[in-house]
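# Structural characterization, general
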There are 2 protein chains.
Amino acid sequence: MQIKCLIIATYFLIPQLIMADQNFGIAVHGGAGVMKNLSEERRTKIEEKVNETLTKAYKILNDGGTSMDAVEFVVSEFEDSPLFNAGKGSVYNSNEVQEMDASIMNGKDRSAGAVASVRNVKNPIKLARKVSELTEHIMLVGDGAYEFAKNIGETIVDSDYFYSEKNLKRLRKAKDKLVSSNIIHDKIGTVGAVAIDKNGNIAAATSTGGMTNKMPGRVGDSPIIGSGTWAQNGVCGVSTTGHGEFFIKYQVAREVCARMEYMNKSISDSSEEILMELKDINAYGGLIAIDSEANISMPFNTHGMIRGSVSNKTNINVAIY
Amino acid sequence: MQIKCLIIATYFLIPQLIMADQNFGIAVHGGAGVMKNLSEERRTKIEEKVNETLTKAYKILNDGGTSMDAVEFVVSEFEDSPLFNAGKGSVYNSNEVQEMDASIMNGKDRSAGAVASVRNVKNPIKLARKVSELTEHIMLVGDGAYEFAKNIGETIVDSDYFYSEKNLKRLRKAKDKLVSSNIIHDKIGTVGAVAIDKNGNIAAATSTGGMTNKMPGRVGDSPIIGSGTWAQNGVCGVSTTGHGEFFIKYQVAREVCARMEYMNKSISDSSEEILMELKDINAYGGLIAIDSEANISMPFNTHGMIRGSVSNKTNINVAIY
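Being a predicted model, the structure only gives us computed values, none of them experimental.

### Points about the interface of chain A and chain B
Chain A puts 39 residues into the contact, and the matching count from chain B is 39 residues. A combined buried area of about 3300 Å² lies between chain A and chain B, and 64% of that area is made up of carbon and sulfur atoms. Three residues stand out in chain A for area buried against chain B, namely H137, K249 and Y262 of chain A, and they jointly supply 19% of the buried area on that side. Between E255 of chain B and R254 of chain A there is a salt bridge, with its nearest N and O atoms 2.8 Å apart. Connecting chain A to chain B are 18 residue pairs in polar contact (both at pLDDT 80 or more). Of all the secondary-structure elements, those providing two or more residues to the side of chain A that touches chain B are strand 4 (139-141), helix 5 (142-151), strand 7 (218-219), helix 7 (244-249) and helix 8 (252-263) of chain A. With 6 residues, helix 8 of chain A is the largest single contributor of residues to the side of chain A that touches chain B. Of the residues belonging to the side of chain A that touches chain B, the class tally is 19 nonpolar, 8 polar and 12 charged. Two elements, strand 4 of chain A and strand 7 (residues 218-219) of chain B, share 2 bridges in a ladder whose sense is antiparallel. Across the sheet, M139 of chain A pairs through a bridge with V219 of chain B, a residue of strand 7 of chain B.

### Some details on the packing of helix 4 (residues 124-134) of chain A against helix 5 of chain A
All names here are of chain A. One can describe the packing of helix 4 onto helix 5 by two numbers: an axis separation of 11 Å at closest approach and a directional angle of 80°. Accordingly, the angle class assigned to the pair helix 4 and helix 5 is roughly perpendicular. When helix 4 is examined against helix 5, the residues L127, K130, V131 and L134 are found in contact with a partner set consisting of A145, F148 and A149. Here the contact of helix 4 with helix 5 is built from residues that sort into 6 nonpolar, no polar and 1 charged.

Cut-offs used in this document
Residues numbered from 1 in each chain as written. Chains lettered and ligands numbered in written order. Predicted model: local features only at pLDDT ≥ 70, side-chain atom pairs only at ≥ 80, totals over all residues. Heavy atoms only, no water. Contact = heavy atoms within 4.5 Å. Buried area = accessible area lost by both parts, 1.4 Å probe. Salt bridge = Lys/Arg side-chain N within 4 Å of Asp/Glu carboxyl O. Polar contact = N/O pair within 3.5 Å; in protein donor to acceptor, adjacent residues only side chain to side chain. Helix = DSSP H or I, 4+ residues; strand = E, 2+ residues; numbered from the N terminus. Nonpolar A, V, L, I, M, F, W, Y, C, P; charged D, E, K, R; others polar. Pairing = 2+ DSSP bridges. Axes fitted to C-alpha atoms, helices over the stretch in contact; angles between N-to-C directions. Parallel < 35°, antiparallel > 145°, perpendicular 65-115°, else oblique.

See below:
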């Protein structure tokens, strides 16, 4: 009888001991680019929002919640804020319309969901997760994605919800600059999160309004699994921000994990190296990455990147420059 | 004077000698899946079409043409044929509409173009190449891609062009089967080509009508750079066909090259290994791959894959089973 009790106790205790050993944490970003136009007031607002959201997301993980729930929470919070280029704060395309992209991936089974070029959906990241969970597909775009959103009761908002005088001005500025063939340096912005939970499951999520003055229907790296988002248990989770076309051509999100998996690089070596290589070819942006031990890397090759992280072994850290 | 002539002669001869050393070739596919319903007549037609197209594409390369021109030629020929699930032969989505995806990548500079969920465009692969060459973007989807096609004068056709009684029957069969939750084994089909030219430039292209009964707006792996299409000079070019969602989750096209680049695997070891791993998780399909020495690998884990290849060191080879 005593032996039986011991076996039963061991059976229940071992998983908890394993769980206690598992480090957990989360990293978030709010876009990379030239931050010189950031007022002191706006900077404070952004830092407060990142801090507050990170704190709540960490609580989800600390309470035993999943990394999928934590990253979806962060990204949807950022989508609801006008401070970031995603959801409510999305920039305008060349037709003065917001078309949004988002994706989410679960490292446990590599299940993934993505939406691209969707309009009037309040939270593209929630829709992306629904694509993963409710359909046999990974990616839905355009009208099809919108119809799916309506059919499953996702929150639809009218175009006024996304109205932003600031973003309209940015569009007009971009159009003027485009005429003189200058590169717009401040157009890169995206939000994202990567996390690992107490069960060792890694998740990643990314959402964006894309580039100011992009062509209608343009899709960047954010909704592309492997380019903007990647999650692979035992290796890493990555969310990127930057000039999307380059991040597609260099498969940045998966590349961080590939170099860890096949070249035994650490998460910081792998991600910093890739960002340096991108800089060499004038490809600008940044990324956040987390490995299976909750080590976090957040390199960027731009003037700044809105970012923050916290884990069971590191304090909360929020920074822009 | 003699020395001058020698220098000039050497200057012109050396590149030609280098070019003469460069092996070149092309591989094509017309989809993988269960081929048991293929009549003798249809099988002959397919083999003839593949043979004829390969012969013309090889002539492009042999005459000094680019791998980009060769792969675009093959894929657009297959798009114009009702024999394949791409362009004219595209299968129907659940709304009885054809929505097509395509992508093309140039290994020389990693430039790429993709379109997804486009309707009424006669040759999605040509449109994908135009996205790469005429815009600063890589991917355009839905209405935006259609508007771009119209604006640049790409051939637009009405829906009758794509009408197929056979494909409509397949859709209805799929809908019936879906009700009883059976998996449709014969729904996977895509066309693609990979090539390396006399200058050592690798290109890859893929085009599809997707899955029968797919949701409107569903995008598979074919237009996803890294999943369905990849080209990287010095390493390899890949085009895939199969259950697209799995090919996205496993980044199959780039993965073939990643294992060659980081694990020093041969093209056949890398691509065969990946196809076996996919089979282990019930993910079915195939791929064609070419390396920088024009070695070609065409593995599949299905009943058959329509395929063919030819290079300066191997004879033309066309097969299905």
